[in-house]
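Reading the structure
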Amino acid sequence: MAGGAQLSVTDMRRSTRHPVDYSVIAEHLQHGDLTLHISNISAHGFMIDKVDGIQRGDRMIIRLPGVGRIEAYCIWVTDDRAGFQFERIIRFDAFEAMIAEMQPNPALRRRS
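The following refers to the structure shown. (Residues numbered from 1 in each chain as written. Predicted model: local features only at pLDDT ≥ 70, side-chain atom pairs only at ≥ 80, totals over all residues. Heavy atoms only, no water.)

What about the sheet that holds strand 3 (residues 45–49)?
The strands making up a sheet are joined through hydrogen bonds of the backbone, oriented either antiparallel or parallel. Defined as follows: Two strands form a pair only when DSSP identifies at least two bridges running between them. Each helix is a run of H or I in the DSSP string that is no shorter than four residues. Each strand is a run of E no shorter than two, and both are numbered from the N terminus. Orientation is described by axes fitted as lines to C-alpha atoms, over the contacting stretch for helices, and by angles from 0 to 180 degrees between their N-to-C directions.
Read once around its circumference, the closed barrel built from six strands follows the order 1-2-3-6-5-4, with strand pairing classed as antiparallel. Strand-to-strand twist of the sheet, defined as the mean angle between neighbouring strand axes without regard to direction, takes the value 45°.

Description of the side chain of Glu71
Formally: Burial classification: accessible surface area is computed with a 1.4 Å probe over protein chains only, and a residue below 20% of its type maximum counts as buried, one above 50% as exposed, and the rest as partly exposed. Under the rule applied, a polar contact is a pair of N or O atoms within 3.5 Å (in protein, one hydrogen donor and one hydrogen acceptor; residues adjacent in sequence only if both atoms are side-chain atoms). The contact definition used throughout considers only heavy atoms, calling two residues in contact when any of these lie within 4.5 Å.
Inspection of the secondary structure puts Glu71 in strand 5 (residues 68–77). Relative accessible area serves as the criterion here: at 19%, Glu71 is assigned to the buried category. A distance of 2.6 Å separates the side chain of Glu71 from the side chain of Arg59, its partner in a polar contact. Of the polar contacts made by the side chain of Glu71, one reaches the side chain of Tyr73; its length is 3.1 Å. With residues near it in sequence (within four places) discarded, Glu71 still touches Arg59, Met60, Ile61, Gln85, Phe86 and Glu87.

A look at unusual backbone geometry
Residue Lys50 is not a glycine yet carries a positive backbone phi of 60°. With respect to the helices, strands and loops of the structure, Lys50 is situated in the loop between strand 3 and strand 4 (59–64).

Observations regarding the environment of Val20
Among the structural elements, Val20 can be located in strand 1 (residues 18–28). Separated by 81 residues in sequence, Val20 and Glu101 have C-alpha atoms that sit 10.0 Å apart. Beyond its immediate sequence surroundings of up to four residues, Val20 is in contact with Ile38, Ser39, Asn40, Ile41, Met102 and Gln103.

Notes on helix 1 (residues 92–102)
Quick note on the threshold: An arc is given here, and it is the one of the directions from the helix axis to the C-beta atoms.
When helix 1 is considered as a whole, its buried residues turn out to be Ala94, Phe95, Met98, Ile99 and Met102. For helix 1, the angular spread of buried residues about the axis comes to 135°, placing them on one side. In this fold, the buried residues of helix 1 make contact with strand 1, strand 2 (32–41) and strand 4.

Quick word on the packing of aromatic side chains
Where we set the bar: By convention, a stacked pair of Phe, Tyr or Trp rings (six-membered ring in the case of Trp) has centres within 6.5 Å and planes under 30 degrees apart, an edge-to-face pair has planes over 60 apart, and any other such pair is tilted.
For the structure on display, the rule yields two aromatic pairs. Judged by centre distance (4.9 Å) and plane angle (5°), the ring pair of Phe46 and Phe84 falls under stacked. Linking Phe46 in strand 3 with Phe84 in strand 6 (residues 81–86), this pair joins segments that are 38 residues apart in sequence. Take Phe84: its relative accessible area is 4%, and that puts it in the buried class. Aromatic pair Phe46 and Phe86: ring centres 5.5 Å apart, planes at 40°, arrangement tilted. Of this pair, Phe46 sits in strand 3 while Phe86 sits in strand 6; the two residues are 40 residues apart in sequence, bridging distant segments of the chain. Like Phe46, the residue Phe86 is buried in the burial classification. Every member of this aromatic cluster is reached through a ring pair, and the members are Phe46, Phe84 and Phe86.

Some remarks on the nonpolar core
Condition: Throughout this description, the term nonpolar core refers to a set of buried Ala, Val, Leu, Ile, Met, Phe, Trp, Tyr and Cys residues connected via side-chain atoms within 4.5 Å.
Residues Ile38, Ile41, Ile62 and Leu64 are the most contacted members of the largest nonpolar core, which totals 28 residues. Elements with a contribution of two residues or more to this core: strand 1, strand 2, strand 3, strand 4, strand 5, strand 6 and helix 1. Counting residues per element, this core draws most heavily on helix 1, at five residues. Those residues in contact with Ile41 that lie beyond four places of it in its chain are Thr16, Arg17, His18, Val20, Phe46, Leu64, Phe86, Phe95, Met98, Ile99 and Met102.

In structure tokens:
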């Protein structure tokens, strides 16, 4: 993508992250369907590990429990990890439902 992603929400990397162990199928414009492993997530974005062929600025659509389809942009990439920012902020009630399914152990859930 020329010039990188043009996001409508500000960078919120200081948001509370919830550790998860969750795989999703992402729709990538150039690579088609990809399996991603999400290792942490917030209402503003998520981090994956096992990065393969993903570059900064890439746009993907994923389906999350309680949220449905949501678009995300790759903000950064390191050797084996990548960080994505959602194109919109997830509503609190939808975020709680998503975390309940993605992180079934209540002891790991952070209290807001």
